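# Structural characterization, general
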Amino acid sequence: MTTSTLEIDGVSPRERISPRTAEDLAAALKAADDTGQAVAAVGGGTQLDLGMPPLRLDVVVDTTGLDRVVEYEPADLTVTVEAGMRMAELQRILGEQGQFLALDPPAAEGATIGGLIATNASGPLRFAYGTARDLVIGTRVANPDGTLTRAGGRVVKNVAGYDLNKLYIGSLGTLSVIVELSFKLAPIAPALDSVVGQMPDLDAARELVNGVVHSPLSPLAVELLGPGAAVAAGLPAANTVVFRLGGYPQAVERQVRDLTSLVSRHGGQRIEASPSAWQDLARMRLVARQRDVVLKAAAPISASTALVAAFEKQLEGLEPLVWSHAGSGVAYAACNPPEAEALASLRRGVAAFGENASLVIERCPTVLKRAIDVWGDPGTSVSLMRAIKAKLDPKNTLNPGRYVGGI
Amino acid sequence: MAVAEHTIVDQLRQLLPAERVLWRDYDLMLYEYDGSIDKHRPLAVVFPLSSEEVSQVVTACNRDGVPYTARGAGTGLSGGAIPARGGVLISLARMNRILEIDVDNMRAIVEPGVVNLRLGQATAAHGLTYVPDPSSQKACTIGGNVGENSGGPHTLRYGVTTNHTLGLEVVLPTGEVVRVGGSSLDTPGYDLVGLLVGSEGTLGIVTRIWTRLVPINETVKTILAVFANMEDASSAVAGMIAHRIVPAAIEMMDNLTIRAIESRSPSGYPVEAEGVVLIEVDGVREEVEAQSEAVQQVCRDTRALSVRLARDEAERAALWAGRKGAFAAIGRLTPDYYTVDGVVPRTRLPATLARIQEISRESGFRIANVFHAGDGNLHPLIMWDADEAGAEERVIDTGAEIMQVCAEAGGSLSGEHGIGMEKKDLMPLIFSRQDVAQMQRIKEAFDPGGLCNPGKIFPTAGRCLELFARRGRAVGW
């Protein structure tokens, strides 16, 4: 990628710098801050569509030069890496020790760990392992005043000082630039399997999902696909529930057995999926994210199927692919561009599911961003968010205008 | 100041009924301490019943420039609920309603004064439970847990309070009431819930909490492994992690603790054991069977003298009652004890425990060890006598020395008790001036007036250097 091709919502930076050390990166931030230039930190550049168009953009700071493992002691089940390390490379290193970082967002080749954390990306395994906020135990960030500061640490349990890790996760580089991350890790399960259930309708899918998430069964993931997404994943065109199981072989077998009979008890049919079914689903999500528009809705868990239904109905005719992390109340749709009014109406519908239910437009043509705020209404706490931004980035140097509430 | 004191008490008595404002010296004495060593008496204690009343109290304090501090059950171990600079103590103990148990969405909405154990009891009928289980769970409140980001034995696999807190209603230091997060996940914007949990009541006062509930496990097994020494016990812990086993809980106790537990109420621990490890595995039946076998094998491989599976629920409950009552049991062996809370990487446990033994010998204080070994969270209990001249300073110095050992091992000053008043001057051991300045900026963003629970977390200029100078140590700050 070169300066000429990298642009964020049609805005091109004047300069691109690629520091090799955290210190150089911090110095570059300070230089920009001193001279009133706006900075966007970019890792693999795979998620540049997220957020509103930048108000200003002068310098792109490329973090991929920071790609070292700082410390990895497998027996501690923790790792510390620089933020520009590729996610795939990190998982490869951990995999050699039978461990992994339990975060499985759609990550295009080249996606960096820092970029995934700054965008709070997540995937199906969030049902069992949580999201970045549950896995990040320490951060080191570069601030616009040129300082490098740490929060958290390298131990799995830590309440010393404010938990600024949480603040940096998902902050889209608007407060500081993450240069180093420490994670708690998980062992790779000795056995893994999937159960794919083709359901007669969404009501049956809802009953099935509700039954399973309330039961002592402990799937690693509970996914729901609309018919379009199922086809895109190489499955028959139907509302489809997919469970991922992991653990000791006898425990996986038992859960496969129980889930198979639960699927049929709810009028569905377990289909013999290929051994690569789980990977096929991941590929579907990744490909879907290349569509013109990607939406993410979050609501209380029991509304998962209703979110899928709302997406399918409201986006009809736009070739929607709809899927949900149904055990978490999170759903996605990828489709052709709708009218801004249709999105606003969809957002109102989602808001009705709960007091903090949300619809975020994760990707769309820039022109649409002029008609609708991709983040939605941030609610009463936006004044606090602005106060935090004003303290940590007083000159509005970092990604101005791209975040929630115009931050 | 005398005028302000007079005014604030008068104002509080106008805001709230007489029985919900304490201001006589006699009544205030009870509220000058928590579970830590420090003390400071408030000007008044109030018992609001709603976020509106909390907001009115905060607004009154702002008007007169009087500091205020929130308090739950006062079981905290780092001074989080002590009014370090005096002012008004806002007790949330009477805001103790469970507002909603949303079974479909596996959420509960509670007021901050709800006692931890009560929530789990209330949800059990629905097959659901609330996970964080600090040892003080019979008394401590969910609000206090949120303030301190409390842990407990079962956090090894399931996480601490922050991992189970989804939303908060907060009275900000401006008096404004805001909601952050809620029943749905991934609210757009900065994760203010994550920032507020564990902020020790210094950024606002939480008046409502949305928590996660989870299904009760199908099967639970508890294993007791006995070792000839703490080194072998530590290697069993390391062995489990190395064998890719992450149980629900791994707790370790030394001989001093075991004797204390058994002399208080027999719980099934062998009194001659030099070290025991209590392991709990839970989940679906087949997973528990297999994991339990694997755990027992690791213990035998690391020279366990005996490995025993609790036969039934009664035996299991007894073992846990012993573990959770360990601090109280130690209390019977000594006039006073000082609970230290530190964390080290799991691989550094054996070396750290050995250093603590040396520190015990050098300082002359007996130190008992009972802790969450699975996540490297140590709780050395320093046994001392407050009536002995100069002992308090020496015991605090000994705690600080253990903290230094944890810091040098790449660990942290606190795994679950918080920094509070107790450890604020030790912050330089793990954080740079800039690290702390970054946290201070957050404090200023929330509380520019500095009246919300002042005197916590942030080091006092000069004080930390003094502490280390006394021990002949330099700290590069």
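Residues numbered from 1 in each chain as written. Chains lettered and ligands numbered in written order. Predicted model: local features only at pLDDT ≥ 70, side-chain atom pairs only at ≥ 80, totals over all residues.

## Overview of the overall build of chain B
Scanning chain B from terminus to terminus reveals 16 helices and 20 strands. Taking 477 residues into account, the globule formula puts the C-alpha radius of gyration at 23 Å, and chain B, at 23 Å, falls close to it. When its C-alpha atoms are laid out on the principal axes, chain B stretches across 70 × 60 × 40 Å. Considering chain B as a whole, with its 477 residues, one finds that 59% of them fall into the buried category. For chain B, the proportion of contacts with a sequence separation of at least 24, taken over those separated by at least 6, is 72%. (Helix = DSSP H or I, 4+ residues; strand = E, 2+ residues; numbered from the N terminus. Rg over C-alpha atoms; globule rule 2.2 N^0.38 Å. Buried ≥ 20, exposed ≤ 12 C-beta atoms within 10 Å, placed from the backbone. Contact = placed C-beta atoms within 7 Å.)

## Quick word on the domain arrangement of chain A
All names here are of chain A. By the assigned domains, chain A splits into domain 1 (1-188 + 378-407) and domain 2 (191-369). The C-alpha-based centres of domain 1 and domain 2 are spaced at 27 Å. Tallying the contact residues gives 13 residues for domain 1 and 16 residues for domain 2. Here the residues of the side of domain 1 that touches domain 2 are counted per class, giving 9 nonpolar, 1 polar and 3 charged. (Domains from an automatic or database assignment. Nonpolar A, V, L, I, M, F, W, Y, C, P; charged D, E, K, R; others polar.)

## Some words on the nonpolar core
Residues and elements named next belong to chain B. Among the nonpolar cores identified, the biggest contains 280 residues, and Val88, Ala225, Val276 and Val277 are the most heavily contacted of them. A per-element tally of this core places helix H14 (residues 391-408) first, with 7 residues. With residues near it in sequence (within four places) discarded, Ala225 still touches Ala236, Val276, Val277, Ile279, Cys299, Ala304 and Val307. (Core = buried A, V, L, I, M, F, W, Y, C linked by C-beta atoms within 7 Å.)

## Looking at the interface of chain B and chain A
Counting residues at the interface gives 78 residues for chain B, matched by 67 residues for chain A. For the side of chain B that touches chain A, the secondary-structure elements that each account for two or more residues are strand E9 (177-181), helix H7 (192-196), helix H8 (230-242), helix H10 (285-301) and helix H15 (433-446) of chain B. Of the residues that constitute the side of chain B that touches chain A, the class distribution is 31 nonpolar, 32 polar and 15 charged.

## Description of the packing of H8 of chain B against helix H13 (residues 349-363) of chain B
Two measures define how a pair of helices packs: the angle their axes make with one another and the distance between the axes. All names here are of chain B. At a minimum axis separation of 9 Å, H8 and H13 run at an interaxial angle of 155 degrees. As summarised for this structure, H8 and H13 are arranged roughly antiparallel, according to the angle between their axes. Of the two possible hands of crossing, H8 and H13 adopt the one that is right-handed. Along its contact with H8, which presents Met230, Glu231, Ser234 and Val237, the element H13 presents Leu349, Pro350 and Leu353. Split into classes, the residues belonging to the contact of H8 with H13 amount to 5 nonpolar, 1 polar and 1 charged. (Axes fitted to C-alpha atoms, helices over the stretch in contact; angles between N-to-C directions. Parallel < 35°, antiparallel > 145°, perpendicular 65-115°, else oblique. Left-handed = near helix turned anticlockwise from the far one by under 90°.)

## Re the domain arrangement of chain B
You'll often see interface size given as the accessible area lost when the parts meet. All names here are of chain B. Domain parsing of chain B yields domain 1 (2-91), domain 2 (98-215), domain 3 (219-329) and domain 4 (334-470). Measuring from the centre of the C-alpha atoms in domain 2 to the corresponding centre in domain 4 gives 26 Å. The partner domain 4 presents 19 residues to the 14 residues of domain 2 that form the contact.

## Quick word on the sheet that holds E9 of chain B
Residue and element names in this part refer to chain B. Across the sheet, which stays open at both edges, the 5 strands sit in the order E5-E6-E10-E8-E9 with antiparallel pairing between neighbours. In this open sheet, the two strands that pair with only one neighbour each are strand E5 (98-102) and E9. For this sheet, the mean angle separating the axes of adjacent strands, direction not counted, is 10 degrees. (Pairing = 2+ DSSP bridges.)

## A short note on unusual backbone geometry
All names here are of chain A. Of note in this structure, Leu77 is not a glycine but carries a positive phi near 55 degrees. Counting through the fold element by element, Leu77 comes out in the loop between strand E4 (69-73) and strand E5 (78-82). According to the C-beta neighbour criterion, Leu77 is buried, with 24 such atoms within 10 Å. A positive phi angle, near 50 degrees, is found at Asn120, a position not held by glycine. In this fold, Asn120 is placed in the loop between helix H3 (113-118) and helix H4 (126-129). In this structure Asn120 comes out as partly exposed when scored by C-beta crowding, with 19 C-beta atoms within 10 Å.

## Concerning the environment of Ala310 of chain A
All names here are of chain A. Within the secondary structure, Ala310 is located in helix H11 (residues 304-314). Ala310 gets classed as buried once you count the C-beta atoms within 10 Å, which come to 22. Measuring from C-alpha to C-alpha, the distance between Ala310 and Leu346 comes to 7.6 Å, with 36 residues separating the pair along the chain. Residues in contact with Ala310, not counting those within four places in the same chain, are Leu346, Gly349 and Val350.

## Side note on the packing of helix H7 (residues 202-213) of chain A against H11 of chain A
All names here are of chain A. At their nearest, the axes of H7 and H11 sit 9 Å apart, and the two run at 155 degrees to each other. As summarised for this structure, H7 and H11 are arranged roughly antiparallel, according to the angle between their axes. In this structure, H7 crosses over H11, and the sense of that crossing is right-handed. In this structure, H7 contributes Leu202, Ala205, Arg206 and Val209 to the contact, and H11 contributes Ser304, Thr305, Val308 and Ala309. Looking at the contact of H7 with H11, its residues break down into 5 nonpolar, 2 polar and 1 charged.

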